[in-house]
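Coordinate inspection notes
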Amino acid sequence: MNVFRSRLMPVLVALLALASAGHAQQRSRSFSVGYVYPAGAQQGTTSEHVIAGQFLAGLTNVYVTGGGVTATISDFIHPIQGGELNRLRILADELLAKKAVVRKDFKALEAFRSFKNAKSIKKDSAEEDKEIEELKKKYANATWTAEDEKLLAETRKRMAGGVRRPANPAICELVVCNLTVAPDAVPGEREIRLVTAAGISNPLVFHVGQLPEFSEPASKNIAQQVSAVARISYARNTKPKPVTTVTLPAVVNGQILPGEVDRFRFAATKGQKLVIAVQARQLIPYISDAVPGWFQATLSLYDSEGKELAYDDDFRFNPDPVLYYEIPADGDYVIEVKDSIYRGREDFVYRITIGETPFITSIFPLGGPAGEKTPVELKGWNLPAATLTMDDANKTPGIYPLSIRKGSRVSNFVPFAVDDLPECLAEKSRGGKPQAQHVTLPTIINGRIGKPDETHVFRFDGKASQEIVAEVMARRLNSPLDSVLKLTDAVGKEVAFNDDNTDRGAGLTTHHADSYLTATLPKDGSYLLYLRDTQHKGGFEYGYRLRISAPLPDFALRVVPSSLNARTGNPVSATVFALRKDGFSEPISIQLKDAPAGFKLGNTVVPTNTNQVKIALTAPLAPQDEPVTLKLEGRATVNGREIVHPAVPTQDMMQAFEYRHLVPSQELKVSVTGIFLPKGAGASVKILSDLPIRIPAGGTVKVRLAAPAKAASKVRLELAEAPEGIVIKSVSPSSDGLEVELAGDAAKLKPGQKGSLVVAAYSAPPPPPPPSKKNKMKPKPQPVYKGKPLGILPLISFEVVAR
């Protein structure tokens, strides 16, 4: 990185106008929430919840997507340290002294004085006696009231929660709120966010349910949670927790701390067909500082004698366990939930649904053609029907949720794919040997590996040099199939092979088990495509959709993060990821769709063969009363046809210290708050040079910025994001305000390379003090002071050109 410190007083004053925006962006990087407990609520109820996070001061509201949920904030609990803790100690000392004088408890006053002096420099007896007399005189006419006693108790209580080193700073602050869910609120998965003076937080999963909810009141757990926050390391809890009795049907909520095991007792009658489904990883998909990266729950069912009747630690490839059990006799039963290796922390939050609820385990086919109605077979528990019809008349290609109702109860949701290619069903194998089914391209084949070691074979005719793509959609559609594909010519010579293929768009998938292969056919003739399960398994649930076609160049978009915090009239940055498919390499134009007035997005393009780009979204000049929902879309041209796709809001989440996943969110929310300009600061910085800036490989180019010169400032510019080979060579004043000279390294840059530069502004550090004449020793090296963040300049798009 190239850094330049300006020593010229009048040229960078306008950068101070970005100071508040810089603070907002800095806060947005650290202002976050880690869990909500309980992570759901029943329709038509009001319940207490705790939301934990970091840097939550200035809290103003709690926002839940989908409507029908309102919030009232009742408390904010956070670690105290430094100056605040000292202030509380001084207040407690004053109150204790006052109490001792008023009650003429001079022994207590003497003990207080000795204790206080023991913490400071020791004084002789005369000084101590003088101090006591001063306290007597100060409080001679004072009275000790009930309000004083209450204040002393509250101060002591607050001091007891003082924390110097929180065990997990990311969840060390607690917001207590009451959420009221309307009776007609739509059940299902929502997102909950906090709104503060700094903006809006990242989203957390929150469920609106139909069943009665059981959980310990959030306030009852506060003392335990604050205590856990204060611990530097977690100790295993060996004391058994009491069993909680619930009435079915129900949703039970809990948190698992180290070593804890939660148990719930319920009465059941013979013949009841219970579904017991855990939501844990579904609530918090990835935890950055825990291995394997989520709360790995286990679930057991016991009878009244303590005999284990059923156990599960996952549901197929889903880490959250699900049990189905038909009750053999009337009586009491107990479910037990814990972490698989007895780990625990406050964000190990879970929800367990218990009852005769409808639950879909698998469907067939896994999708259908757009514009048609598709009969779908259902398998599962407590289902009201064995089939349903998916009406795809008005659906565009994509993946849609499928569920079924049993009375007023809604089942779980499973994915159903819709596409616009011709479709057919895979033929059943005959005689135990794979039979080659002839298909005409392009096609999507709906099939299932019905039994272990079954192989499906498809024959198609091809031409020399013809490009072929074969793609399986199974694991991404909730099928346990772990596919493998092999393409051969008519005599069995292998042309292409694939087992697993990573799809970054499937952010909740950790084992990318779907196969994808491409091939250029070597000659005219027939070809055979083999599909099987690599683990040699099979059954009704092992469904798949197999696309065989020529390459269909396309793309999908993800925008990160899904919560943006902007200052009025200033840009805020985000990243758009382009997930290119079937060799698509063309540029993609990013635009706002139906945006409220005042929001602007400059000419933003994902360049050819590039997979991500920074965007700069400019906020309106007026603050917005509530966070705004924005939509972005991308446009590209393929073979003369325009393709338009939405940019899906996404959180870039880390798993287990290393792996990163693009996890989709429901909405892109933008908070726009006012900006507080330092005195004398002018308008925001603007790029005056024509964009894109043309940077010669091996040369330099100057970028002109408009920056008024009304006040003095010392500012340092730094390339926050730039390709290797581009540096800031110099910064100098100009007639317009400012010139930034960029240099390009010919050895590291290639003509035609495109992108955007992100330039950050910092307050320049103060000059080092002059060497002392008394001390001629070499001064100790001082830590590098980066300076106070002032903000991000507008994005500078560039293109590398030949010198």
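Computed from a predicted model, the values in this text were never measured in an experiment.

Brief notes about the overall build of the chain
Summing up its helical and strand segments, the chain has six helices and 59 strands in all. A buried classification covers 49% of the 803 residues belonging to the chain. Excluding contacts between residues fewer than 6 apart, the proportion of contacts in the chain whose partners are at least 24 apart in sequence is 72%.

Remarks on unusual backbone geometry
Of the consecutive residues tyrosine 37 and proline 38, the connecting peptide bond is found in the cis state with omega at -15°. As for its position among the elements, proline 38 is in the loop between β2 (32-37) and β3 (40-42). The step from valine 291 to proline 292 runs through a cis peptide bond, and the omega angle for that step is 15°. Position of proline 292 among the secondary structure elements: in the loop between β15 (273-279) and β16 (297-302). Phi is positive for aspartate 594, close to 50°, though the residue is something other than glycine. Its place among the elements puts aspartate 594 in the loop between β42 (588-592) and β43 (600-601). What makes aspartate 594 exposed here is its relative accessible area of 72%.

Notes on the sheet that holds strand β35 (residues 494-498)
Neighbouring strands of a sheet are bound in pairs by backbone hydrogen bonds; such pairs are parallel or else antiparallel. Taken together, the five strands give an open sheet; going across it, the order is β30-β32-β37-β34-β35, and neighbouring strands pair in mixed fashion. Strands at the two margins of the open sheet, each flanked by one partner only, are β30 (436-438) and β35. Each adjacent strand pair in this sheet contributes to an overall mean axis angle of 25°, direction not counted. Direction of pairing for strand β32 (residues 455-462) relative to strand β37 (residues 525-533): antiparallel, over a ladder of eight bridges. Within the sheet, the bridge partner assigned to valine 457 lies in β37 and is tyrosine 530.

Some details on the side chain of lysine 614
Turning to its location among the elements, lysine 614 is positioned in strand β45 (residues 612-618). A distance of 3.2 Å separates the side chain of lysine 614 from the side chain of threonine 575, its partner in a polar contact. Reaching out from lysine 614, the side chain makes a polar contact with the side chain of glutamate 721 at a distance of 3.4 Å. Among all residues touching lysine 614, those that are not within four sequence positions of it are Ser573, Ala574, Thr575, Thr604, Glu721, Ser756, Val758 and Leu795.

With respect to the sheet that holds β15
One open sheet accounts for five strands, arranged β11-β13-β20-β15-β18; its pairing is mixed. Strands at the two margins of the open sheet, each flanked by one partner only, are β11 (213-214) and β18 (322-326). Relative to strand β20 (residues 349-355), strand β13 (residues 250-255) is paired through six bridges, and the arrangement is antiparallel. Bridge assignment links valine 251 to a residue of β20, and that residue is threonine 353.

A short note on the pattern of salt bridges
Scanning the model with the defined rule gives 26 salt bridges in all. One salt bridge in this structure joins arginine 351 and glutamate 213, with 2.9 Å as the shortest N-O distance. Placement of the pair is arginine 351 in strand β20 and glutamate 213 in strand β11, with a sequence separation of 138 residues. Glutamate 642 is the salt-bridge partner of arginine 635, the closest N and O atoms lying 3.2 Å from each other.

A few points about the nonpolar core
Formed by 61 residues in total, the largest nonpolar core has its most connected members in Ile51, Ile192, Phe266, Leu301, Ile335 and Ile352. Per element, the largest residue contribution to this core is six residues, and it comes from strand β7 (residues 173-181). Excluding anything up to four places from it in sequence, isoleucine 192 contacts Val36, Ile51, Val62, Tyr63, Val64, Leu179, Asn202, Pro203, Leu204 and Phe206. Judged by nonpolar contacts, the second largest core, of 29 residues, contains Val572, Leu601, Leu630 and Ala647.

Some points on the pairing of β35
Here strand β34 (residues 483-489) runs beside β35; their pairing, made up of four bridges, is antiparallel. For threonine 488, the partnering residue across the bridge sits in β35 and is glutamate 494. A loop of four residues connects β34 with β35, the two strands running antiparallel in sequence, and glycine 492 in this loop sits at a positive phi of about 95°.

Re the pairing of β2
Across the six residues that make up β2, a large majority, five, are buried. Here β2 pairs with strand β4 (residues 46-54) via five bridges, running antiparallel. Of the residues in β4, the one forming a bridge with valine 36 is isoleucine 51.

Description of the side chain of lysine 98
If you trace the backbone, lysine 98 turns up in helix α2 (residues 83-102). The class of lysine 98 is buried, set by a relative accessible area of 16%. Not counting chain neighbours up to four residues away, the residues in contact with lysine 98 comprise Tyr139, Ala142, Thr143, Trp144 and Asp148.

Focus: the confidence of the model for the chain
Summarising the model, the chain shows a mean pLDDT of 85, and 83% of its residues fall at 70 or more. Counting contacts from residues 1-29, a segment whose pLDDT is below 50, to residues more than four positions away or on other chains yields 96 contacts. Residue range residues 675-683 is modelled with pLDDT below 50. Its contacts to residues more than four positions away, or to other chains, number 21 contacts.

Concerning the environment of leucine 691
Looking at where leucine 691 falls in the secondary structure, it is placed in the loop between β51 (686-687) and β52 (693-696). For leucine 691, a relative accessible area of 43% gives the class partly exposed. For the pair formed by leucine 691 and glutamate 799, sequence separation is 108 residues and the distance between their alpha carbons is 9.1 Å. With near-sequence residues (within four places) excluded, leucine 691 lies in contact with Leu795, Ile796 and Ser797.

Looking at the environment of phenylalanine 497
Along the chain, the position of phenylalanine 497 falls in strand β35. Along the primary structure phenylalanine 497 and threonine 518 are separated by 21 residues, whereas in three dimensions their C-alpha atoms are 8.7 Å apart. Excluding residues that lie within four positions of it along the chain, phenylalanine 497 makes contacts with Val484, Leu485, Lys486 and Leu517.

Rules used in this analysis
Residues numbered from 1 in each chain as written. Predicted model: local features only at pLDDT ≥ 70, side-chain atom pairs only at ≥ 80, totals over all residues. Heavy atoms only, no water. Helix = DSSP H or I, 4+ residues; strand = E, 2+ residues; numbered from the N terminus. Buried < 20%, exposed > 50% of the residue type's maximum accessible area, 1.4 Å probe, protein only. Contact = heavy atoms within 4.5 Å. Pairing = 2+ DSSP bridges. Axes fitted to C-alpha atoms, helices over the stretch in contact; angles between N-to-C directions. Polar contact = N/O pair within 3.5 Å; in protein donor to acceptor, adjacent residues only side chain to side chain. Salt bridge = Lys/Arg side-chain N within 4 Å of Asp/Glu carboxyl O. Core = buried A, V, L, I, M, F, W, Y, C linked by side-chain atoms within 4.5 Å. pLDDT = per-residue confidence, 0-100.

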